[in-house]
Amino acid sequence: MEWACLGFFLVLMTLLCLSGTSYGSRTDYTLQRLSIRPQTAFLWQSVCYAIWITAFWALQVLLLVVCSNRFLLTTAENVGPQTLLTHLYQWDFSANLLPLACATRWIRNILLVMALGASAAYFSWQQRKGSFGFTVILSVLLCVFAFLQPANLFLTLLGVIGALLIMAHVVIHIVNGKEEGALEALRQDTTAAAAERPVW
C-alpha cells in the first residue's frame, strides 16, 4: 500500500508544482497585475500547497485505517482498537504516517508538510524567473526517506533537520529575490530618469 501512496504523492507534488508555473498559462502576468507583493503571493501559495498536502496525508491515514480494519474483520476473530493499532504499527510506513503518541515524529511530519509546500511554491517562483528549483526534489526525497525508514529517534531528528534546512534555503532565496527586485526597480528608475534628462 505504501508504494501506491508514494505514486499518488508524486502525482500530487507534480500537479502542485505545475499549477503555479507559466506552462500553458500566463500566471506571471496575472501575478504582476495583483496589488500584492510577490513575496506575499509566494506565502499564500505555500500555505495553500501545505493544506493540500495535509489533506492528502489525512486521506492516506483514513484509507489505511479503514482498509486495515476491514482486513482484520475478515481474518481475525476478536478485533478491537488495540488490535488495530498493533496491526498498524507492524509497518514502518503506517507508524511514520500516524505517529500517535510520538511527539518528535509529529513535529517532523508537520515540518515536512511545511517544507513540501514551500519548496513546491518556490519551484513555481523559480520557473517564472526562468530557472529551475531543485529544492522540491530534495523535499520529496527527504519525505519518502522519512516515511519508509524504521521509526527511530535518529532518523526522525534527521528528517527534522533536513526540513528546517530546506525551509531556510527557500526563505533566504525569497528574501534575496526581494532585494534583487528592489535593485532592479532602482535601476529602471535610474534609466528612466537618465532618458528623460535633456541633452545640451
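### Section: the overall build of the protein chain
Inference 1: Helix and strand counts for the protein chain come out as eight helices and zero strands.
Inference 2: In sequence order, the protein chain lays out its α and β elements as α-α-α-α-α-α-α-α.
Inference 3: Taking all 200 residues of the protein chain together, 38% fall into the buried category.
Inference 4: Put simply, of all contacts in the protein chain between residues at least 6 apart along the chain, 72% involve residues at least 24 apart.

### Brief notes about the packing of helix α1 (residues 2-19) against helix α7 (residues 135-148)
Inference 1: Taken N-terminus to C-terminus, the directions of α1 and α7 make an angle of 160°; their axes are 12 Å apart at the nearest point. By the angle between their axes, α1 is roughly antiparallel relative to α7. When you trace α1 past α7, the crossing you get is right-handed. Each of Glu2, Trp3, Leu6, Phe9, Leu10, Met13 and Cys17 in α1 lies in contact with α7, whose residues at this interface are Val136, Val140, Cys143, Val144 and Leu148.

### Here we look at the layout of surface pockets
Inference 1: Here the second largest pocket defines a volume of roughly 240 Å³.
Inference 2: Along the wall of the second largest pocket there are 13 residues; nearest its centre are Phe42, Leu43, Ser46, Ala118 and Val171.
Inference 3: Of all elements in the fold, only α3 (38-75), α6 (103-128) and α8 (153-196) reach the threshold of two or more residues within the lining of the second largest pocket.
Inference 4: Ranked by residue count, the leading element in the lining of the second largest pocket is α3, at six residues.
Inference 5: Partitioned by chemical class, the residues of the lining of the second largest pocket number eleven nonpolar, two polar and no charged.

### Section: the confidence of the model for the protein chain
Inference 1: For the protein chain, the mean per-residue pLDDT works out to 78, and 72% of the residues sit at or above 70.
Inference 2: When mean pLDDT is taken per element in the protein chain, α7 scores highest with 91 and helix α2 (residues 27-33) scores lowest with 61.

### Let's talk about empty space enclosed by the protein
Inference 1: This model, assessed by the stated rule, comprises one cavity of 30 Å³ or more.
Inference 2: Taken as a whole, the largest cavity holds about 230 Å³ of empty space.
Inference 3: Along the wall of the largest cavity there are 18 residues; nearest its centre are Phe9, Gln60, Leu97, Cys143 and Phe147.
Inference 4: Secondary-structure elements contributing two or more residues to the lining of the largest cavity are α1, α3, α5 (92-97), α6 and α7.
Inference 5: Tallied by class, the residues present in the lining of the largest cavity amount to 15 nonpolar, two polar and one charged.

### A closer look at the nonpolar core
Inference 1: Ranked by internal contacts, the top residues of the largest apolar core, which has 41 residues, are Phe9 and Met13.
Inference 2: For this core, the secondary-structure elements that each account for two or more residues are α1, α3, α5, α6, α7 and α8.
Inference 3: Ranked by the residues each element gives to this core, the list is headed by α6, at eleven residues.
Inference 4: With sequence-adjacent residues up to four places away left out, Met13 is seen in contact with Ile53, Leu116, Ala120, Val136 and Val140.

### A few points about α6
Inference 1: For α6, spanning 26 residues, the distance from its first C-alpha to its last is 38 Å, which sits close to the expected 38 Å at 1.5 Å a residue.
Inference 2: Of all 26 residues making up α6, 19 are buried, and the element is well covered by its neighbours.
Inference 3: Just beyond α6, the residue with positive phi is Gly130, at close to 90°.

### Considerations on the packing of aromatic side chains
Inference 1: Under the definition given, this model contains three aromatic pairs.
Inference 2: Seen from their ring centres, Phe42 and Trp125 are 6.0 Å apart, and the 75° between their planes marks the pair as edge-to-face. Taken together, the residues Phe42 in helix α3 and Trp125 in helix α6 connect sequence positions 83 residues apart. Of the two residues, Phe42 and Trp125, neither departs from the other in class, the shared state being buried.
Inference 3: Arranged with centres 5.9 Å apart and planes meeting at 45°, the rings of Trp57 and Trp106 form a pair that is tilted. Taken together, the residues Trp57 in helix α3 and Trp106 in helix α6 connect sequence positions 49 residues apart.
Inference 4: By relative accessible area, which is 31% here, Trp106 ends up partly exposed.
Inference 5: Between the NZ or CZ atom of Arg108 and the centre of the ring of Phe147, over which it lies, the distance is 5.4 Å.

Criteria and thresholds
- Residues numbered from 1 in each chain as written.
- Predicted model: local features only at pLDDT ≥ 70, side-chain atom pairs only at ≥ 80, totals over all residues.
- Heavy atoms only, no water.
- Helix = DSSP H or I, 4+ residues; strand = E, 2+ residues; numbered from the N terminus.
- Buried < 20%, exposed > 50% of the residue type's maximum accessible area, 1.4 Å probe, protein only.
- Contact = heavy atoms within 4.5 Å.
- Axes fitted to C-alpha atoms, helices over the stretch in contact; angles between N-to-C directions.
- Parallel < 35°, antiparallel > 145°, perpendicular 65-115°, else oblique.
- Left-handed = near helix turned anticlockwise from the far one by under 90°.
- 1 Å grid on protein atoms, 1.4 Å probe; cavity = no way out; pocket = protein on both sides within 12 Å on 5 of 7 lines; lining within 4 Å.
- Points joined across faces, edges and corners; volume = space filled by probe spheres on them.
- Nonpolar A, V, L, I, M, F, W, Y, C, P; charged D, E, K, R; others polar.
- pLDDT = per-residue confidence, 0-100.
- Core = buried A, V, L, I, M, F, W, Y, C linked by side-chain atoms within 4.5 Å.
- Expected span 1.5 Å × (residues − 1).
- Phe/Tyr/Trp six-rings, centres within 6.5 Å; stacked < 30°, edge-to-face > 60°.
- Lys NZ or Arg CZ within 6 Å of the ring centre and 35° of its normal.

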